[in-house]
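# Report on the structure
If you want the building blocks of each chain, they are given just below.
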Amino acid sequence: MTLWILLAVITAGVSAVLIWPLMTSARPVEELREDEAAVYRDQLREVDRDRAQGLIGVEEAGYAKAEIGRRLLALADKRADAKGTGGGAASRARHRLAPLSVILCVPLIGLCLYLFLGNPDLPAQPLEARLANPGNNMALLVAKAERHLAEKPDDGAGWDLLAPIYFRAMRLGDAEMAYRNAIRLNGESSERLAGLGETLVASNEGVVTEDARHAFDRAVALDGRNMRARFYAALALEQAGRTDDARRAFEAILKDSPPGAAWISLVSEHIGKNGGAPLAAAPTAPAAAQKAPGNPNAAQVEAMQQLSPQERQQMIAGMVDTLAARLRDDPDNIEGWLRLVRSYMVLGDKAKASDALKAGLKTFPADQEAGRRLLALAKETGLSAEGVTP
Amino acid sequence: MIIEIGHYALVLALATGFLLSVLPLMGARRGDAALMAFAPVGSVVQFVLVAFAFGVLTWAYAVSDFSVLNVWDNSHSLMPMIYKVSGVWGNHEGSMLLWLLILTLFSAMVALFGRNLPDTLRATVLSVQAWITVAFLLFILLTSNPFLRLDPAPAEGQDLNPVLQDFGLAIHPPLLYLGYVGFSVCFSFAVAALIEGRIDAAWARWVRPWTLAAWTFLTAGIAMGSYWAYYELGWGGWWFWDPVENASFMPWLAGTALLHSALVMEKREALKIWTVLLAIMTFSLSLLGTFLVRSGVLTSVHAFATDPSRGIFILAILTFFIGGAFVLFAWRAPTLKSGGLFAPISREGALVLNNLILTVSTATVLTGTLYPLVLETLTGEKISVGAPFFNLTFGLLMIPLLLAVPFGPLLAWKRGDLLGALQRLYVAAGLALAAGFGLLYAQSGGPVVAALGLAIGFYLVFGALADLWYRANFGKLSFKVAFARLKGLPRSAFGTALAHLGLGVTVLGIVAVTTFQTEHVVEMRQGETAEAGGYTLLFDGMREAVGPNFTEERGHFTVSRGGVAIADVWSSKRLYTARRMPTTEAGILSFGASQLYVSLGDHMEDGGLVVRIWWKPFILCIWGGAVIMMIGGFVSLSDRRLRVGAPSRRAKLAKVALEPAE
């Protein structure tokens, strides 16, 4: 409300100032052209001055003065001609329209255009004021912690706090730096090492690198009950092709886990993958979902809930891109193609959805069961399959 | 709330602009004083509104209000305050707002200082200015609005392009825009003259201060930009014939021509139509520069954002104003009465030569800039027209121009005495040749072209001094009398001499650097030394450092001469964390007008570091000359004759003019 009152006051003020010169009675201008004459008279004085100082000769001075004199004479002629012409009654009538045009033009153009362009409901939001009262806004809390650390980069507790938040927000480079700083300042702990390792794995598209494996091994050495570290250590064995060792490691995790722990189904699935007997009771559906490429993992889902809509959109777009890249390398995955097409449609990118559909149909032609599923999806989401059906 | 008020102020400025485009022009046509009186009031109101909007945006940057999209895109809460403020124009939207601010500032200045102008002329000029303002306000509000908001607001900004995080950004664009946009006033005067169908010597006198001011700021802006590129980009070059540089150089060339032709028009009422055409061309080239930089046609450090709709909008503005002005010119120019005649050997003749060469060189630069673009559009072929083309064409054109420069002030108006001028200049020419060859000998064995180049530079310097010397008549009168006469010379004479002298100094710098500079690319390890320009650089090693929003690796060098350590210099490579973007910060040491330039390259696998070292003799002369030219511009601008005709001052002036020694 205050905004509207202020805008009204400004509009009134500007209109008033603009009307002011128009409110004097219409008077026809006098064509005296006194200003022009002043310039020529000054030029005459300049010639005299130059002559007095000997900068120009007598003859040149004479010529110059004659020339300037002719300009003055011509001016006097024009002045005589101009006399008698002036504004009449017609101009006075039009003159009354001028203040009216100001009164109409300023508020009308001003308000219409502003209502079209502006955001009258949004207050100004200086960062300092927002940081002083961040509420539940995770991004602001992070920014606050970052400022604190920029001033005191040796505060290990701050890095400890920030590192998992960075990881959840998929700011992996920052997360790695934060974990390393925390380890440097506060010393190694099983938690920090496992976090660092997990960050490195995430940075390398799920591959447990040498660095990461080393971190997990240290973490397990410090605390044998760190299931997260043990899981990744086992995963490293699996990725190295040491199936038996991996199975034994996964089975050991299962044995040490409390009943009902969240990771049981995932571990059980890996046991099965490495040639063991998966736990019969384990629900298989979530495990299958975990396998499909591009499905967000638990950490990503959790991170997503912390983000603003805009950041969330960005993160989703990033995950979809990753999925697209994986399908390009390994196109033999019908579930992946279906997800990709559906994701692009949800994001509103029809062109890419159509491209994905075409690419998917190349691997799974439309006369097969899988291809028909793709076409059915296209129909359901309203995507035109023109030019892709044989 | 304040943000929204700023946005609203900009919208109100547009409403005012619409009224301003119509009412005063109507008043001037109908001879209605009240409507004409609307022009100055409206112009000042418009400036206040735009300045308020600009102030609000600056405030949003200063307090890091990331609910403003433009701030979020181009700022970071941890940047130092100076970069936060200069970041306002370090992006497309903000720089257009600065453009607009300066445009309305010039309108307001014409409104306030133009009291000596005839009412009809002033009203028409301000209306034409308002057309330009309206066009750019529409452009800003509809395609490049800096007041768009984000909801919810992010917690941290995207940071400013690291290359722009420099003191140069604080001064280069404002100076350059003061020049670019200043020529809009000349354009408006020309269009007003065509509309009124009246143009005379007085017109030229009224336009001169605006041309001079715009030219002076443009000189400063270009020089500043060149120095900035030199120390920031780390390539050791000071001019690249980059299209964006050319875009600012073309209005400068045309503006220089305009400055000189307006002089002929003021004194002799000749070259009237040509001067009007030049005024239109100069601002057209400014607009063309804005189009090239802002439309995304070119990719360079200056093209912050590319968006085709903006390009088309600016192209429309360009077509409307340039096309419209030329149509008006074709229609009205034949009705203008042309002015006096003169002999080829006269000051006018010399100035016509100057105009001829400057116009041809502008056309050359224009061709070199646009040809690759046109070719790419038509055939898709990508070519680059670089330094070799410009050095050959532009460089050759400059030689006769530079030789003619000292003649201009020494020749009389109307009918000059070439022999007399030659006699006066041969001392200067002789001294110049001696100095040129002397310097060449001292620097040992440069090519002959360089000797001639240096001689031309010295010749310009001595020629400018000779002008003052003969005007004061030092040779013939006693020193005391001559000195009194020197003091009595009009300030515009000093302005001319300083500007020509500055040009000479710049030429000296350019020739000296191109001829005598040395470049060494060496791989250095800690404790190793390298030689450049007679100095020895000892590499002391690298050190890590952290800035407010970057991390850097700094290399330290100790500089010694003849075994004695005399200075030390840091050169660094920075990584700006928010954008993960690396930059180089060259280490520069000045010895007199010469500089030692150290730039760091990549690490080698064996632990060494690639280091580029330049020795740049007399390089500061290039920009020093520009500074002298700028001072000349200001001295000339302060000449009281430019204020003639102000009614309130007329009485006082008449009195002053009677005192002979003043």
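Here's what I pulled together on the structure shown here. (Residues numbered from 1 in each chain as written. Chains lettered and ligands numbered in written order. Predicted model: local features only at pLDDT ≥ 70, side-chain atom pairs only at ≥ 80, totals over all residues. Heavy atoms only, no water.)

## Considerations on the overall build of chain B
Across its full length, chain B holds 20 helices and nine strands. Across the 662 residues of chain B, 61% fall into the buried class. In chain B, once contacts between residues fewer than 6 apart in sequence are set aside, the share between residues at least 24 apart is 72%. Of the roughly 24700 Å² of accessible surface on chain B, 68% is carried by carbon and sulfur atoms. (Helix = DSSP H or I, 4+ residues; strand = E, 2+ residues; numbered from the N terminus. Buried < 20%, exposed > 50% of the residue type's maximum accessible area, 1.4 Å probe, protein only. Contact = heavy atoms within 4.5 Å. Areas by Shrake-Rupley, 256 points an atom, 1.4 Å probe, with all protein chains shown as cover.)

## A closer look at the environment of serine 261 of chain B
Residues and elements named next belong to chain B. Here serine 261 lies in helix H9 (residues 243-268). For serine 261, a relative accessible area of 0% gives the class buried. As for serine 261 and glycine 495, which are separated by 234 residues in sequence, their C-alpha atoms are 16 Å apart. Discounting residues that sit within four places of it in the chain, serine 261 has contacts with Leu271, Trp274, Thr275, Leu278 and Asn355.

## Considering the packing of aromatic side chains
All names here are of chain B. One pass over the structure, following the stated rule, counts 35 aromatic pairs over all chains. Between tyrosine 230 and tyrosine 597, the ring centres sit 4.9 Å apart and the planes meet at 55°, which makes this aromatic pair tilted. Placement of the pair is tyrosine 230 in helix H8 (residues 201-232) and tyrosine 597 in strand S8 (residues 594-603), with a sequence separation of 367 residues. The burial state of tyrosine 230 is the same as that of tyrosine 597; both residues are buried. Ring plane angle 65° and centroid distance 5.5 Å describe the contact between phenylalanine 249 and phenylalanine 394, whose orientation is recorded as edge-to-face. Here the residue phenylalanine 249 occupies a position in helix H9, and phenylalanine 394 occupies one in helix H13 (residues 387-404), the gap between them amounting to 145 residues. Given a relative accessible area of 13%, phenylalanine 249 falls into the buried group. A relative accessible area of 9% means that phenylalanine 394 is categorised as buried. An aromatic cluster is defined as three or more aromatic residues linked by ring pairs; in this entry it consists of Trp215, Trp239, Trp241, Phe249, Trp252, Phe389, Phe390 and Phe394. The ring of tryptophan 570 carries the charged tip of arginine 554 above its face, separated from the ring centre by 4.2 Å. Here the guanidinium or amino end of arginine 561 rests over the ring plane of tyrosine 535, the centre of that ring lying 4.6 Å away. (Phe/Tyr/Trp six-rings, centres within 6.5 Å; stacked < 30°, edge-to-face > 60°. Lys NZ or Arg CZ within 6 Å of the ring centre and 35° of its normal.)

## Describing the environment of glutamate 519 of chain B
Residue and element names in this part refer to chain B. Along the polypeptide, glutamate 519 turns up in strand S1 (residues 518-524). Leaving out residues up to four positions away in the same chain, glutamate 519 has contacts with Arg612, Ile613 and Trp614. There is a polar contact of 3.0 Å between the side chain of glutamate 519 and the side chain of arginine 612. Within polar-contact distance, the side chain of glutamate 519 engages the side chain of tryptophan 614 at 3.5 Å. (Polar contact = N/O pair within 3.5 Å; in protein donor to acceptor, adjacent residues only side chain to side chain.)

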